[in-house]
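A closer look at the structure
Spelled out from the first residue to the last, the chains are:
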Amino acid sequence: VGTESYDIIIIGGSAAGYTAALTAKKLYPDKSVAVFRLSDNPPIPCAIPYLASTIETCNRNLLPDKPLLDLGIKIITDEVVKIDRESRTVITKSGATYAYDKLIIATGALPFVPRSIDGTDLKGVYTIIKDYNILSEFQEAVRKAQRVVIIGGGFIGVELADDLSNLRKDITIVEMLPHCLALNLDEEFAKEAEGRLREKGVRILTGRAAKRIYGNEKVEGVELNDGTRIPADVVVLCVGVKPNVELAAKAGLKIGESGAIAVDEYMRTSDPNIFAIGDCAEKKSFLTGKPKPLYLASIAAHEARVAVLNLYNLRVTKRLKGYVGAFLTVVGGRAFGVAGLTENEARKEGFEVIVGRAKVPNRHPAVLPGATTTKVKLIFAKGDGTLIGAEASGGQEVAELVNMLAVAIQNKVTMIDLITLQYATQPMLTASPVSYYVVAATLDALSKAKL
Ligand SMILES: Cc1cc2nc3c(=O)[nH]c(=O)nc-3n(C[C@H](O)[C@H](O)[C@H](O)COP(=O)(O)OP(=O)(O)OC[C@H]3O[C@@H](n4cnc5c(N)ncnc54)[C@H](O)[C@@H]3O)c2cc1C
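Residues numbered from 1 in each chain as written. Predicted model: local features only at pLDDT ≥ 70, side-chain atom pairs only at ≥ 80, totals over all residues. Heavy atoms only, no water.

1. Focus: helix H4 (residues 155–164)
Across the 10 residues that make up H4, a large majority, 8, are buried. Considered for burial, the residues of H4 that qualify are Gly157, Val158, Glu159, Leu160, Ala161, Asp162, Asp163 and Leu164. Structurally, H4 contributes buried residues whose contacts are with helix H3 (132–144), strand S9 (147–151), strand S10 (170–175), helix H5 (187–199), strand S15 (234–237) and strand S18 (326–331). (Buried < 20%, exposed > 50% of the residue type's maximum accessible area, 1.4 Å probe, protein only. Helix = DSSP H or I, 4+ residues; strand = E, 2+ residues; numbered from the N terminus. Contact = heavy atoms within 4.5 Å.)

Written out as structure tokens, the structure is:
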């Protein structure tokens with residue numbers, strides 16, 4: 001059997017690998033591109049929580065192969081078990097060898113299973129694995145279960161509880177930190193999200209850790225470190241992910257201090273012909289340069305484009321070193337989002353800040369359809385008035401508001417830029433021109449800045 005050759009080989013066919021393949025074929029139509037993945041029918045990872053009740057079956061939540069195949073991209077379902085950097089080849093589990101000119105590693109992240117919790121191998125205990133067959137089993141189990149305990153109140157645990165609560169089950173979230181979403185949002189927003197979940201009947205136990213999962217072959221419940229026992233038919237571990245770097249580490253590529261693959265600004269690894277993108281690649285904060293665990297599909301897709309643009313020569317200069325980090329979630333029908341640093345993070349990093357807040361109706365007048373109150377919080381560096389963080393909760397407008405504020409942060413806008421912002425308003429679509437969300441929050445900050 002001869003060695004098949006491709007100009008560009010991508011290991012991984014999810015958010016990062018998929019975007020890299022599409023971008024590569026668009027930018028370099030003459031290059032041959034192959035994508036490797038572990039299994040067929042890759043799920044859209046971000047919508048996995050909605051398999052609980054909203055999305056009927058797993059086959060309605062798939063990343064489609066067609067756009068890749070239409071462009072002539074080869075999809076190979078086979079595990080890459082070795083990267084031979086010297087001969088520039090990858091070797092797969094089935095024993096085949098493929099040669100590359102440029103290699104992109106997009107092997108993602110795997111769910112973290114804490115060793116401190118006993119009983120994680122009992123039947124009925126699940127982690128969120130991005131695999132069609134496993135997710136189909138999970139979907140069936142979680143729908144059948146009456147009592148579900150979710151360990152971990154980060155955005156995955158919270159979204160899962162939110163969707164599952166539509167089925168009127170007995171749901172408990174166990175969160176070690178003082179609040180759910182505490183790593184993503186400031187307390188005022190985290191509390192609001194918790195309130196929404198409680199309204200939907202979800203029990204939230206915070207400030208306590210799961211100690212062991214008990215049962216006889218099959219799970220029967222979870223015991224917490226304060227001795228509380230919560231009976232359960234299904235337990236879901238949502239306590240974070242770890243970058244999947246085994247293949248890269250075995251190939252001798254440098255691993256960064258956070259445990260993810262070390263990359264430069266252009267996603268190059270320590271081997272100039274190998275790039276790493278997505279959850280397996282190390283991320284750094286735009287403000288401090290410190291590693292930050294930003295495992296997000298939006299960042300994976302961004303990195304895919306940066307890597308592909310710079311695959312042969314460095315063709316784009318980056319405005320920002322590191323990541324702003326923009327994040328969105330929905331709880332009880334209300335959207336929550338953040339761009340950049342929360343106030344809590346900013347203060348922990350040692351920033352002196354000025355915070356501006358506004359609560360305004362998202363329609364004018366507030367009797368129009370879809371009206372709700374939008375809450376915006378802006379965090380400015382005190383010294384120079386630069387916007388370093390933004391948070392919001394409200395209706396659907398929060399999604400693009402947060403994206404707009406992420407662009408503002410990337411462009412280092414200041415309080416003065418935002419108080420003189422030019423924007424559009426419309427009664428059925430936005431807040432009023434006299435109290436436009438961002439400007440209203442900036443005015444509050446400006447009043448404290450004592451210019
Ligand atoms: C439940 C859930 C909800 C989420 N919601 C959001 C959200 O709303 N917004 C957001 O931005 N992010 C969200 N995320 C995060 C987002 O899903 C990840 O950041 C994203 O999937 C990362 O993409 P990736 O391609 O780097 O890795 P992964 O999605 O982990 O994919 C890894 C790929 O590599 C392949 N692979 C691994 N090893 C090998 C090998 N040895 N050989 C061949 N193939 C291999 C796998 O088959 C897979 O195709 C969510 C994640 C989860 C789990």
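2. So, the sheet that holds strand S13 (residues 218–224)
The 3 strands are arranged S12-S13-S14 in an open sheet whose pairing can be described as antiparallel. Edge positions in the sheet fall to strand S12 (210–216) and strand S14 (229–231), since each has one partner strand and no second. If you compare each strand with its neighbour and ignore which way they point, the axes differ by 30° on average. Pairing of S12 with S13 involves 6 bridges; the strand directions are antiparallel. Within S13, the residue paired with glycine 215 across the bridge is valine 219. (Pairing = 2+ DSSP bridges. Axes fitted to C-alpha atoms, helices over the stretch in contact; angles between N-to-C directions.)

3. Re the environment of proline 369
As for its placement among the helices and strands, proline 369 is situated in the loop between strand S20 (353–361) and strand S21 (373–381). When the C-alpha positions of proline 369 and lysine 290 are compared, they lie 44 Å apart, and in sequence the two are 79 residues distant. If we ignore the near neighbours within four places in the chain, the residues touching proline 369 are Arg363 and Met428.

4. Overview of the pairing of strand S4 (residues 80–84)
The sheet contact formed by S4 and strand S5 (residues 89–92) spans 4 bridges and is antiparallel. Opposite valine 80, over in S5, you have threonine 92 as the bridge partner. If you look at the hairpin formed by S4 and S5, you'll find 4 residues sitting between the two strands, and arginine 88 has a positive phi there, around 50°.

5. Concerning the sheet that holds S9
Reading across the sheet, the 5 strands line up as S8-S15-S9-S10-S11 and stay open at both edges, with parallel pairing between neighbours. Each edge of the open sheet carries a strand with a single partner, namely strand S8 (125–127) and strand S11 (203–206). Neighbour-to-neighbour, the strand axes of the sheet open up by a mean angle of 20°, direction not taken into account. Pairing of S10 with S11, which is carried by 4 bridges, proceeds in the parallel orientation. For threonine 172, the partnering residue across the bridge sits in S11 and is arginine 203. Where H4 meets the sheet, it contacts S9, S10 and S15, and its direction lies at approximately 170° from that of S10.

6. Some words on the pattern of salt bridges
Taken as a whole and judged by the stated rule, the model has 28 salt bridges. Across the salt bridge formed by lysine 211 and glutamate 223, the nearest N and O atoms sit 3.6 Å from each other. Here lysine 211 is found in strand S12, whereas its partner glutamate 223 is found in strand S13, with 12 residues between them in sequence. By relative accessible area, which is 41% here, lysine 211 ends up partly exposed. (Salt bridge = Lys/Arg side-chain N within 4 Å of Asp/Glu carboxyl O.)

7. Considerations on the site of the ligand
Near the ligand lie 33 residues; those nearest to it are Ser14, Ala16, Val80, Lys130 and Ala297. The backbone of alanine 109 places a nitrogen or oxygen atom 3.3 Å from an oxygen atom of the ligand. Within the side chain of lysine 130, a nitrogen or oxygen atom sits 2.7 Å from an oxygen atom of the ligand. Mapped onto the shell around the ligand, the elements with two or more residues apiece are helix H1 (15–27), strand S2 (33–37), H4 and helix H7 (297–309). In terms of residue class, the shell around the ligand is made up of 20 nonpolar, 8 polar and 5 charged. (Near = heavy atom within 4 Å. Polar contact = N/O pair within 3.5 Å; in protein donor to acceptor, adjacent residues only side chain to side chain. Nonpolar A, V, L, I, M, F, W, Y, C, P; charged D, E, K, R; others polar.)

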